[in-house]
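Close look at the chain arrangement
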Amino acid sequence: SKLKIMKIHRFILIGILAAIPFAYSCTDDSADLTPDNVNNTLQQSGWTVSLFTEDDNDETYHFTGYVFSFADNGVVSAVKQSTTVSGTYSSGTDDSTTKMILNFGNQVPFDELNEDWEVISKSDTKINLRHVSGGDGSIDVLEFTKN
């Protein structure tokens, strides 16, 4: 009776306590990668390209010194001293995969970023993107880190 109720309460309490670490370990779930969440994170501050590889070649140096700002109207600007390069971005889903589409027109080398990038992961300080070529299956990687 009273002892039985205490055992039930203890059992429930142990179950709750056991579940807490699991709940906190699942922070990078797919709900965090919705287009709205990706856009909200991008719009928070300036970003730098911390990694850009094309066909396994590290091309990050092309973007050294540029700070990318993502405005809520779909415009992305890359600024380095007195140089500003503008393009557009948007996020959406394709086959339940969140994609970010970048388009800088024909502005070299920024035209290399013109792709529909799959959002692999994101945190408040880093966004990892990947593009798999439909032609030869080569993989390009783009990583933005908060400035």
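Reading the values: the criteria
Residues numbered from 1 in each chain as written. Predicted model: local features only at pLDDT ≥ 70, side-chain atom pairs only at ≥ 80, totals over all residues. Heavy atoms only, no water. Pairing = 2+ DSSP bridges. Helix = DSSP H or I, 4+ residues; strand = E, 2+ residues; numbered from the N terminus. Buried < 20%, exposed > 50% of the residue type's maximum accessible area, 1.4 Å probe, protein only. Contact = heavy atoms within 4.5 Å. Polar contact = N/O pair within 3.5 Å; in protein donor to acceptor, adjacent residues only side chain to side chain.

**Details of the pairing of strand S1 (residues 47-54)**
Where S1 and strand S9 (residues 139-146) come together, six bridges link them in antiparallel fashion. Bridging across to S9, Val49 finds its partner in Phe144. As paired elements, S1 and strand S2 (residues 57-58) share two bridges and run antiparallel to each other. The residue of S2 that forms the bridge with Thr53 is Asp58. Hairpin connection from S1 to S2: two residues lie between these consecutive antiparallel strands, with Asp55 at a positive phi of about 50°.

**What about the environment of Lys80?**
Position of Lys80 among the secondary structure elements: in strand S4 (residues 75-80). Its relative accessible area of 31% is what places Lys80 among the partly exposed residues. Distance in space between the C-alpha atoms of Lys80 and Phe68 is 9.2 Å, their sequence separation being twelve residues. When residues no more than four places from it in sequence are discounted, the contact partners of Lys80 are Thr64, Gly65 and Tyr66. A distance of 3.1 Å separates a polar side-chain atom of Lys80 from the backbone oxygen of Thr64.

**Here we look at the environment of Ser96**
Among the structural elements, Ser96 can be located in the loop between strand S5 (83-94) and strand S6 (97-103). Note on Ser96: relative accessible area 74%, which makes it exposed. Along the sequence, Ser96 and Thr34 sit 62 residues apart, while their C-alpha atoms lie 9.4 Å from each other.

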